[in-house]
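Letter by letter, the chains look like this.
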Amino acid sequence: DVKVTQSSRYLVKRTGEKVFLECVQDMDHENMFWYRQDPGLGLRLIYFSYDVKMKEKGDIPEGYSVSREKKERFSLILESASTNQTSMYLCASRGAITTYEQYFGPGTRLTVT
Amino acid sequence: AQSVAQPEDQVNVAEGNPLTVKCTYSVSGNPYLFWYVQYPNRGLQFLLKYITGDNLVKGSYGFEAEFNKSQTSFHLKKPSALVSDSALYFCAVRDHSGGYQKVTFGTGTKLQVIP
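Source: prediction; values computed, not measured.

### Side note on the overall build of chain B
Here is step 1: Each helix and strand counted, chain B has zero helices and twelve strands in total.
Here is step 2: Reading the secondary structure of chain B in the N-to-C direction produces β-β-β-β-β-β-β-β-β-β-β-β.
Here is step 3: Referenced to the eigenvectors of the C-alpha coordinate spread, the extents of chain B come out at roughly 45 × 30 × 20 Å.
Here is step 4: A buried classification covers 48% of the 115 residues belonging to chain B.

Printed below as a string of structure tokens:
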């Protein structure tokens with residue numbers, strides 16, 4: 001079974017802090033994604049990566065950056081956390097094109113105070 | 001641009017009754033369509049997908065979905081609902097005519113199965 005893990009289930013940070021969210025997948029997937037989930041808005045794509053050191057902006061990249069130094073690890077960085085970044089953050093991975101579906105981690109609920 | 005609509009925020013159904021969760025989509029080319037389920041405080045789990053072929057797709061936990069090209073719909077169905085089916089359901093679409101990897105998700109439908 002594909003396993004996607006996220007470094008924290010719950011995180012509380014202060015406004016202005018730099019925040020790192022880590023995601024690791026164990027299936028050698030090429031593609032990895034970061035979403036945020038908010039009530040009534042569904043999932044919105046922040047960034048994705050289709051290979052090591054490669055990244056593409058999603059729909060809402062402002063205030064975020066990402067890093068993919070190794071194939072199995074995809075990090076989301078909040079450079080200076082703000083209260084409007086309080087949300088559920090979901091990481092996902094997907095294999096080669098014939099796989100199609102994404103596999104999700106359990107999510108990190110981030111609260112910025 | 002591609003989009004997905006889930007017109008119902010919540011669907012209530014009695015245990016043992018059939019359930020339907022609605023989804024309509026819009027893409028410029030041919031769609032890849034997906035259903036995912038999210039249980040409380042968990043990530044999303046893949047349920048089923050339509051890529052090509054038979055319009056009726058069967059997935060996990062007894063769920064199925066019917067692809068209707070003329071109505072641009074992909075409704076999720078189950079013949080007999082269980083209380084354990086209560087969860088948040090997301091429909092998603094990807095336009096496979098483009099090279100972009102993006103999948104667009106709907107806003108989700110909360111399914112409540114009443115004992």
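### Brief notes about the overall build of chain A
Here is step 1: A tally of regular secondary structure across chain A gives zero helices and eleven strands.
Here is step 2: Along chain A, helices (α) and strands (β) appear in the sequence β-β-β-β-β-β-β-β-β-β-β when read from the amino end.
Here is step 3: Relative to its length of 113 residues, chain A is compact, with a C-alpha radius of gyration of 13 Å against a globular reference of 13 Å.
Here is step 4: If you line up chain A on its principal axes, its C-alpha atoms span 40 × 30 × 25 Å.

### So, the pattern of salt bridges
Between side chains of opposite charge, pairing is possible as soon as their charged atoms come close.
Here is step 1: According to the stated counting rule, one finds ten salt bridges over all chains in the structure shown.
Here is step 2: Linking Glu64(B) and Lys58(B) is a salt bridge whose minimum nitrogen-to-oxygen distance equals 2.9 Å.
Here is step 3: Residues Lys78(B) and Asp85(B) are paired through a salt bridge, measuring 2.8 Å at the closest nitrogen-oxygen approach.
Here is step 4: Residue Lys78(B) is classed as buried on the basis of its relative accessible area, which comes to 8%.
Here is step 5: Counted as one network, the salt bridges with shared partners bring together Asp28(A), Glu30(A) and Lys71(A).

### Let's talk about the interface of chain A and chain B
Here is step 1: Taken together, the contact pairs 25 residues of chain A with 21 residues of chain B.
Here is step 2: Summing both sides of the interface, chain A and chain B together bury roughly 1,900 Å²; the carbon and sulfur share of this comes to 54%.
Here is step 3: Scanning the region where chain A abuts chain B turns up one salt bridge.
Here is step 4: Remark: the boundary between chain A and chain B carries four residue pairs in polar contact (both at pLDDT 80 or more).
Here is step 5: If you list the elements that add at least two residues to the side of chain A that touches chain B, you get β4 (31–38), β5 (42–49) and β9 (87–94) of chain A.
Here is step 6: Of the residues in the side of chain A that touches chain B, the class split is twelve nonpolar, eight polar and five charged.

### Side note on the environment of Lys3(A)
Here is step 1: Of note, Lys3(A) is situated in the segment before β1 (4–6).
Here is step 2: Once residues within four sequence positions are removed from consideration, Lys3(A) is found in contact with Val24(A), Gln25(A), Asp26(A) and Met27(A).

### With respect to the sheet that holds strand β3 (residues 19–25) of chain A
Residues and elements named next belong to chain A.
Here is step 1: Ordered in space as β1-β3-β8-β7, the four strands form an open sheet in which the pairing is antiparallel. Looking at strand neighbours, the two that pair on one side only are β1 and β7 (64–70), the edges of this open sheet. Between one strand axis and the next, the sheet turns by 20 degrees as a mean value, whatever way the strands run.
Here is step 2: Of the pairings in the sheet, the one linking β7 to strand β8 (residues 73–78) comprises five bridges and is antiparallel in character.

### Some thoughts on the pairing of β3(A)
Residue and element names in this part refer to chain A.
Here is step 1: Because side chains alternate across β3, one face comprises the buried residues Val19, Leu21, Cys23 and Gln25, and the other comprises Phe20, Glu22 and Val24, none of which is buried.
Here is step 2: Judged from the three bridges that link them, β1 and β3 form a sheet pairing that is antiparallel. Residue pairing in the sheet places Gln6 in a bridge with Cys23 of β3.
Here is step 3: Sheet topology places β3 next to β8; six bridges connect them, and they run antiparallel. If you follow Phe20 over to β8, its bridge partner there is Ile77.

So, how was this worked out
Residues numbered from 1 in each chain as written. Chains lettered and ligands numbered in written order. Predicted model: local features only at pLDDT ≥ 70, side-chain atom pairs only at ≥ 80, totals over all residues. Heavy atoms only, no water. Helix = DSSP H or I, 4+ residues; strand = E, 2+ residues; numbered from the N terminus. Buried < 20%, exposed > 50% of the residue type's maximum accessible area, 1.4 Å probe, protein only. Rg over C-alpha atoms; globule rule 2.2 N^0.38 Å. Salt bridge = Lys/Arg side-chain N within 4 Å of Asp/Glu carboxyl O. Contact = heavy atoms within 4.5 Å. Buried area = accessible area lost by both parts, 1.4 Å probe. Polar contact = N/O pair within 3.5 Å; in protein donor to acceptor, adjacent residues only side chain to side chain. Nonpolar A, V, L, I, M, F, W, Y, C, P; charged D, E, K, R; others polar. Pairing = 2+ DSSP bridges. Axes fitted to C-alpha atoms, helices over the stretch in contact; angles between N-to-C directions.

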